[in-house]
Amino acid sequence: MLRGWLVRHTRRVDVSDQIVEPVVEWFDEAARDLPWRRPECSPWGVLVSEFMLQQTPVSRVLEPWRRWLERWPVPAALAAEPAGEAIRAWGRLGYPRRAMRLHAAAVAITEQHDGQVPSDHRQLLELPGVGSYTAAAIASFAFGQRQVVLDTNVRRVLGRLLDGTALPGPTPTRGEYARAEALLPDEPALAARWAAASMELGALVCTAKRPECSRCPVIEICAWHAAGTPDNAVPRRGQGYAGTDRQCRGAILRVLRESEEPVSAAQIDLAWPEPVQRERALQSLIADGLVVATSLEYRLP
DNA sequence: GAGCCGTGGTA
DNA sequence: TTACCAAGGCT
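Now for a look at the structure at hand. (Residues numbered from 1 in each chain as written. Chains lettered and ligands numbered in written order. Predicted model: local features only at pLDDT ≥ 70, side-chain atom pairs only at ≥ 80, totals over all residues. Heavy atoms only, no water.)

This part covers the protein's contact with DNA strand B. The immediate surroundings of DNA strand B are formed by 18 residues, with Arg60, Arg92, Pro96, Arg246 and Arg249 found nearest. Each atom of DNA strand B within 4 Å of the protein belongs either to a base or to sugar and phosphate, the latter forming 55%. Leu93 is positioned such that a nitrogen or oxygen atom in its backbone is 2.9 Å from a base nitrogen of DNA strand B. Residue Arg246 places a side-chain N or O atom 2.7 Å away from a base nitrogen belonging to DNA strand B. Mapped onto the surface near DNA strand B, the elements with two or more residues apiece are helix 7 (97-112) and helix 14 (245-257). In terms of residues, the surface near DNA strand B owes the most to one element, helix 14, which gives five residues. Of the residues that constitute the surface near DNA strand B, the class distribution is four nonpolar, five polar and nine charged. (Near = heavy atom within 4 Å. Polar contact = N/O pair within 3.5 Å; in protein donor to acceptor, adjacent residues only side chain to side chain. Helix = DSSP H or I, 4+ residues; strand = E, 2+ residues; numbered from the N terminus. Nonpolar A, V, L, I, M, F, W, Y, C, P; charged D, E, K, R; others polar.)

Rendered as structure tokens:
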């Protein structure tokens, strides 16, 4: 796949002319004014946004992010508080383990990096909750580095442009990384711009559901569009939610989140009717460190 | 590597 | 209404 693509694009200048330049120019006009993109936003602000944006839409992140940075403007401020405060402030963003990991990352930054978010990709990867994507995103957006930022938006955009596939597979392949690396401009500043621009194109125009191809700056070279935007995505196994342990865990944690005091077992019981699943979910929350069990009560860590 | 981990909006 | 989707990471 990559090889065939390289045959068609043997010179990087062609790639830049045909893809990078139009997309970056489009970005200059169409980019949303998001607070974590503003020049005055700190690397910590970028890091917090990336944690919150993992599997959660921008619209739901804006307000919690603002309050978070207001309360904890630097990593050390968050690190000085119990993890339970992070879980509580996380509210209903979902996947509350991200709040735990963000707190743990703040502790690591405070203790091991003198309170400064590291700029090195490798050091970023060491932080809890920071994987391949998030490390690259922070290094690129907060520090202007040349990084392969391969999120689901970029994967969808490149898959459509170069492969003619409607949606990317479940996990990024080596070929996708190699291709994204080949596309990446040499100049760090332009590479960072491209990273943000390609993500934005996926978020605003080349969307999963209803792409607006008429607004696309690279429609002429898009393989998917040339093929008639076929629905050729391999069907995914939906995970479902109603009645699952995840929903049960969410119901239990909500009770704890909304109580300033430890709660009794009887209060937990009210959160979910089915006792076996309820107990299993509660134990899993304790095992994950999201809930602490005392002799007679339960509380956030 | 497949499965798990929350929540709310949208068609 | 059900199903899918939204800037992933971890085991």
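So, next bit.
What follows is about the protein's contact with DNA strand C. Inspection of the region around DNA strand C gives 24 residues, with Leu53, Gly131, Thr134, Asn153 and Ala208 positioned closest. The sugar and phosphate moieties of DNA strand C supply 67% of its atoms located within 4 Å of the protein. Measuring from a phosphate oxygen of DNA strand C, one finds a backbone N or O atom of Gly129 at 3.0 Å. Residue Asn153 places a side-chain N or O atom 2.8 Å away from a phosphate oxygen belonging to DNA strand C. Contributing elements (two or more residues each) for the surface near DNA strand C: helix 9 (132-141) and helix 10 (152-163). Among the residues forming the surface near DNA strand C, the class breakdown is nine nonpolar, eight polar and seven charged.

With that settled, consider the side chain of Arg156. Inspection of the secondary structure puts Arg156 in helix 10. Buried and without a salt bridge, Arg156 has Asp151 as its closest oppositely charged side chain, separated by 7.1 Å. Excluding residues that lie within four positions of it along the chain, Arg156 makes contacts with Ala166, Leu167, Pro168, Gly202, Ala203, Cys206, Thr207 and Ala208. (Buried < 20%, exposed > 50% of the residue type's maximum accessible area, 1.4 Å probe, protein only. Lys, Arg positive; Asp, Glu negative; His and termini not counted. Salt bridge = Lys/Arg side-chain N within 4 Å of Asp/Glu carboxyl O. Contact = heavy atoms within 4.5 Å.)

To continue, consider the nonpolar core. One finds Trp44, Leu47, Trp68 and Leu102 to be the most contacted residues of the largest nonpolar core, which totals 48 residues. For this core, the secondary-structure elements that each account for two or more residues are helix 3 (43-52), helix 4 (58-71), helix 6 (83-90), helix 7, helix 9, helix 14, helix 15 (265-271) and helix 16 (275-287). If near-sequence neighbours (up to four positions away) are discounted, Leu47 is found in contact with Leu102, Ile109, Val117, Leu127 and Ile138. Counting residues in each nonpolar core, the second largest holds 35 residues, with Ile19, Val20, Val24 and Cys222 among its members. (Core = buried A, V, L, I, M, F, W, Y, C linked by side-chain atoms within 4.5 Å.)

Glancing now at the packing of helix 3 against helix 7. Orientation of helix 3 relative to helix 7, taken along the N-to-C sense of each, is 155°, at an axis distance of 10 Å. It follows that helix 3 is roughly antiparallel to helix 7 by the angle criterion. Both helix 3 and helix 7 take part in a crossing whose hand is right-handed. Residues Trp44, Leu47, Val48, Phe51 and Met52 of helix 3 form the contact with helix 7, whose own contacting residues are Arg98, Arg101, Leu102, Ala105, Ala106 and Ile109. The residue inventory of the contact of helix 3 with helix 7, partitioned by class, reads nine nonpolar, no polar and two charged. (Axes fitted to C-alpha atoms, helices over the stretch in contact; angles between N-to-C directions. Parallel < 35°, antiparallel > 145°, perpendicular 65-115°, else oblique. Left-handed = near helix turned anticlockwise from the far one by under 90°.)

This paragraph deals with the packing of aromatic side chains. Across all of its chains, the model carries three aromatic pairs by this definition. Centroid distance Trp68 to Trp72: 4.7 Å. Interplanar angle 70°. Geometry classified as edge-to-face. For the pair Trp68 and Trp72, one class covers both residues: buried. Considering the side-chain rings of Trp68 and Trp90, the 5.8 Å spacing of their centres and the 85° angle between planes classify their relative orientation as edge-to-face. With Trp68 in helix 4 and Trp90 in helix 6, the pair connects residues that are 22 residues apart, well separated along the chain. Chaining the aromatic ring pairs together yields one cluster made of Trp68, Trp72 and Trp90. Between Arg160 and the ring centre of Trp224, over which it is positioned, the NZ or CZ distance is 4.2 Å. (Phe/Tyr/Trp six-rings, centres within 6.5 Å; stacked < 30°, edge-to-face > 60°. Lys NZ or Arg CZ within 6 Å of the ring centre and 35° of its normal.)

Okay, the packing of helix 3 against helix 9 next. The angle between the axes and the distance between the axes are what describe a pair of packed helices. At a closest axis distance of 10 Å, the pairing of helix 3 and helix 9 adopts a crossing angle of 150°. The hand of the helix 3/helix 9 crossing is right-handed. Across the interface between the two elements, Val46, Leu47 and Glu50 from helix 3 touch Tyr133, Thr134, Ala137, Ile138 and Phe141 from helix 9. Of the residues in the contact of helix 3 with helix 9, the class split is six nonpolar, one polar and one charged.

What follows deals with the environment of Arg254. Turning to its location among the elements, Arg254 is positioned in helix 14. Arg254 sits in the partly exposed class, given a relative accessible area of 32%.

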